[in-house]
Structures are given as C-alpha cells and as structure tokens.
Amino acid sequence: ALELVFLVERQLQAEKEAQEVLDQQYTEAITKADELYASEDYANALVAYQTAANIKPEETRPAEQISAINQTLDAIAVQEALDQQYAETITGAEE
C-alpha cells in the first residue's frame, strides 16, 4: 500500500512539472506575440498567437488576438487595394 501511495505521489509530481513547463511555454509565446503585435509585425504575431493556442487550446486570449489580427490584415488589404485603385486613376487622368 505504501508503494502505491509513493507511485501516485510521483505521478502527481510529474504531472505538476509537466504543467509548469506548459505554463512557461505559453507565457513565453504570449509575451513574444504581444511584443510582435505591439510593433505591428502582424504576420509573426499571428504565428506566435497560434503557437500559444496550440500549447493551451483552452485559453481564449490567443483566439481573440488571432481574430483581431485577421481583421487588421483585412483592413490593411482593403486600404492597399483602394490606394492602388486611386494611384491608377490618377495615373490614367494624367495621361
């Protein structure tokens, strides 16, 4: 019976240590993602948030940030298309 208690305690300790490793990896991924997002490096921030989401799928913050980045990237693409259309209109008017 004592051996069983020892084995259970050892298993619980191993699970705790594994969770601590996951927590550290998640924290590092979120910190990196936040830094990239703050510097407007959206493509790499997206990858870092996806990494964080893979480490802890139950966390909602990475998914929220991924959604926000995708909206930002969509808005940038729309603006770039409008800018291109405007440039082509101006060039056509000058000819």
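Residues numbered from 1 in each chain as written. Predicted model: local features only at pLDDT ≥ 70, side-chain atom pairs only at ≥ 80, totals over all residues. Heavy atoms only, no water.

**Q** I keep staring at the packing of helix 2 (residues 42–55) against helix 3 (residues 61–94) and nothing clicks. Help me out?
**A** Two quantities define a packed helix pair, namely the angle between the axes and the distance from one axis to the other. Interaxial distance between helix 2 and helix 3 falls to 9 Å at its minimum, and their mutual angle equals 160 degrees. When the axes of helix 2 and helix 3 are compared, the pair comes out roughly antiparallel. Every pair of crossing elements has a handedness; the one defined by helix 2 and helix 3 is left-handed. Residues Tyr42, Ala45, Leu46, Tyr49, Gln50, Ala52 and Ala53 of helix 2 touch helix 3, and the partners they reach there are Arg61, Pro62, Gln65, Ile66, Ile69, Asn70, Thr72, Leu73 and Ile76. Of the residues contributing to the contact of helix 2 with helix 3, the split by class is 11 nonpolar, 4 polar and 1 charged. (Axes fitted to C-alpha atoms, helices over the stretch in contact; angles between N-to-C directions. Helix = DSSP H or I, 4+ residues; strand = E, 2+ residues; numbered from the N terminus. Parallel < 35°, antiparallel > 145°, perpendicular 65-115°, else oblique. Left-handed = near helix turned anticlockwise from the far one by under 90°. Contact = heavy atoms within 4.5 Å. Nonpolar A, V, L, I, M, F, W, Y, C, P; charged D, E, K, R; others polar.)

**Q** How should a nonpolar patch on the surface be read in this particular structure?
**A** Residues Leu4, Val8 and Leu12 make up a contiguous nonpolar surface patch of about 290 Å² in total accessible area. Mapped onto the elements, leucine 4 comes out in helix 1 (residues 2–38). (Patch = residues over 30% accessible without salt bridge, like charges linked within 9 Å, V, L, I, M, F, W, Y side chains within 5 Å. Areas by Shrake-Rupley, 256 points an atom, 1.4 Å probe, with all protein chains shown as cover. Salt bridge = Lys/Arg side-chain N within 4 Å of Asp/Glu carboxyl O.)

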